[in-house]
Amino acid sequence: MSPIDDLPPLRDVIARHELRAIKAFGQNFLLDLNLTARIARAAGDLREVTVVEVGPGPGGLTRALLAAGAKRVVAIERDRRCIAALAEIEAHYPGRLTVIEGDALATDMAALADGPTRIVANLPYNIATPLLIGWLQTEPWPPWYELMTLMFQREVAERIVAEPGAKAYGRLGVVSGWRSEARLLFDIDPRAFTPAPKVTSSVVSFVPRPQPLEADTRLLERVTAAAFGQRRKMLRQSLKSLGVDTSALLDMSGIDGTSRAEEIDVAGFAALTRNFAILAGTG
């Protein structure tokens, strides 16, 4: 018997449906239901919450979320082979699981929100960062979700939570820190997955900031791309690619032109973005 429900063990489900993780889909199936239950607990009290899950695969985390009492789970799965396995979970929890077969990157997830909504997922490695950036750039803000609990490769997780001055600090750390409070919760050993990835995975919690510093999402992307694209150079050099008076931009933002990108905090990048908008005539 499973430690969280009376459905068959995941290894039996995978064998019966002949599910083999496909590298092109970024799949690594998490089979330890104690670990999936831990991820579900990290997402908080789910009893009155709709959970959006991306890449459920054979449904290990899906089962944990439902067993934890989620009012409803909407699972988006691109791999048609997994749909039959998920249908068994759907039958076991009538009215509480909706499976959408499709590409998460092309899905209007805001339309799936139903009351309090959270995103909880063991994200496919190959689309994890684009999905996160999209969720963090959601407009209008505050977003349609109240919390995100997501799994990434450890290296990506470190970039997400990195502070200024850290080697891992970059564009991902800026956008994550700008619109959310991101916190690394715990690591998961590669041996917990089938097949075992070559890297450790980490679960990260994101609490949206109700009032992030004012900055245009599109322009912030341009400013951070310029700054970190040549991160070894001083900002007075790297920001020239923006096509505005770099000295004026730095002066208006109160930033020393000899600084490098990794030394600038989120507030500094927000100021650069606002003043870039003014100098570029878009603000």
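It should be noted that the structure appears before, not after, this text.
What you are looking at is a predicted structure, and each value in this text was computed from that prediction instead of being measured. (Residues numbered from 1 in each chain as written. Predicted model: local features only at pLDDT ≥ 70, side-chain atom pairs only at ≥ 80, totals over all residues. Heavy atoms only, no water.)

Asker: Which residues make up the overall build of the protein chain, and what are the values?
Answerer: Along its length, the protein chain carries eleven helices and nine strands. Relative to the compact-globule value of 19 Å for 283 residues, the protein chain shows a C-alpha radius of gyration of 21 Å, a close match. Based on the C-alpha atoms only, the size of the protein chain along its principal axes is roughly 65 × 40 × 30 Å. With 283 residues in all, the protein chain has 51% of them scored as buried. A fraction of 70% describes how many contacts in the protein chain between residues 6 or more apart in sequence connect residues 24 or more apart. For the protein chain, the exposed surface amounts to about 13,000 Å²; the carbon and sulfur share of it is 49%. (Helix = DSSP H or I, 4+ residues; strand = E, 2+ residues; numbered from the N terminus. Rg over C-alpha atoms; globule rule 2.2 N^0.38 Å. Buried < 20%, exposed > 50% of the residue type's maximum accessible area, 1.4 Å probe, protein only. Contact = heavy atoms within 4.5 Å. Areas by Shrake-Rupley, 256 points an atom, 1.4 Å probe, with all protein chains shown as cover.)

Asker: I'd love a proper account of the pairing of strand S5 (residues 117–122), names of residues and values included.
Answerer: The element S5 is largely enclosed, with a buried count of six among its six residues. Here S5 shows a buried face lined by Thr117, Ile119 and Ala121 and a second buried face lined by Arg118, Val120 and Asn122. In this sheet, S5 lies alongside strand S2 (residues 50–54) in parallel orientation, the contact comprising three bridges. Note on S5: the bridge partner recorded for Thr50 is Thr117. Crossover connection from S5 via helix H5 (residues 128–136) to parallel strand S6 (residues 147–153): handedness right-handed. (Pairing = 2+ DSSP bridges. Right-handed = clockwise from strand over helix to strand, strands pointing away.)

Asker: Account for the sheet that holds strand S9 (residues 201–208), naming residues and giving values.
Answerer: Taken in spatial order, the seven strands of this open sheet run S4-S3-S2-S5-S6-S9-S7, and their pairing is mixed. Each end of this open sheet is capped by a strand with a single partner; those strands are strand S4 (97–101) and strand S7 (180–188). If you compare each strand with its neighbour and ignore which way they point, the axes differ by 20° on average. Bridge count between strand S3 (residues 72–77) and S4: five bridges; the pairing is parallel. Pairing of Val73 across the sheet is with Leu97, part of S4. Sheet contacts for helix H7 (residues 171–179): S7 and S9; angle to S7, the most-contacted strand, approximately 120°. (Axes fitted to C-alpha atoms, helices over the stretch in contact; angles between N-to-C directions.)

Asker: How would you summarise a nonpolar patch on the surface if you had to cite specific residues and measurements?
Answerer: On the surface, Met252, Ile278 and Leu279 cluster together to form a nonpolar patch covering roughly 260 Å² of accessible area. Tracing the backbone through its elements, the reader meets Leu279 in helix H11 (residues 266–279). Given the relative accessible area of 33%, Leu279 is considered partly exposed. (Patch = residues over 30% accessible without salt bridge, like charges linked within 9 Å, V, L, I, M, F, W, Y side chains within 5 Å. Salt bridge = Lys/Arg side-chain N within 4 Å of Asp/Glu carboxyl O.)

Asker: How would you summarise the side chain of Thr217 if you had to cite specific residues and measurements?
Answerer: Mapped onto the secondary structure, Thr217 falls in helix H8 (residues 217–229). Here Thr217 falls in the buried class, since its relative accessible area comes to 15%.

Asker: Give me the lowdown on the packing of helix H6 (residues 154–161) against H7, citing residues and values where you can.
Answerer: For the pair H6 and H7, interaxial distance at closest approach is 6 Å and the crossing angle is 55°. One way to sum up the angle between H6 and H7 is to call them oblique. Where H6 abuts H7, its residues Val156, Arg159 and Ile160 lie against Leu172, Gly173 and Ser176. A class-by-class count of the residues in the contact of H6 with H7 yields three nonpolar, two polar and one charged. (Parallel < 35°, antiparallel > 145°, perpendicular 65-115°, else oblique. Nonpolar A, V, L, I, M, F, W, Y, C, P; charged D, E, K, R; others polar.)

Asker: Go over empty space enclosed by the protein, please, and point to the residues and values.
Answerer: In this structure the tally under the stated criterion is two cavities of 30 Å³ or more. There is about 380 Å³ of room inside the largest cavity. Contributing to the lining of the largest cavity are 30 residues, with Gly55, Pro56, Gly57, Asn122 and Pro124 lying nearest its centre. Counting only elements with at least two residues in the lining of the largest cavity, the list comes to strand S1 (29–30), helix H2 (33–42), S2, helix H3 (60–67) and S3. Class assignment of the residues belonging to the lining of the largest cavity gives a composition of 15 nonpolar, ten polar and five charged. Along its surface, the second largest cavity is lined by Leu7, Pro8, Leu10, Val13, Pro58, Arg63, Ala85, Glu88 and Ile89. Listed by contribution, the elements that provide at least two residues to the lining of the second largest cavity are helix H1 (10–16) and helix H4 (83–92). Among the elements that take part in the lining of the second largest cavity, H4 stands out by supplying three residues, more than any other. Split by residue class, the lining of the second largest cavity holds seven nonpolar, no polar and two charged. (1 Å grid on protein atoms, 1.4 Å probe; cavity = no way out; pocket = protein on both sides within 12 Å on 5 of 7 lines; lining within 4 Å. Points joined across faces, edges and corners; volume = space filled by probe spheres on them.)

Keep in mind these values describe shape, not function.
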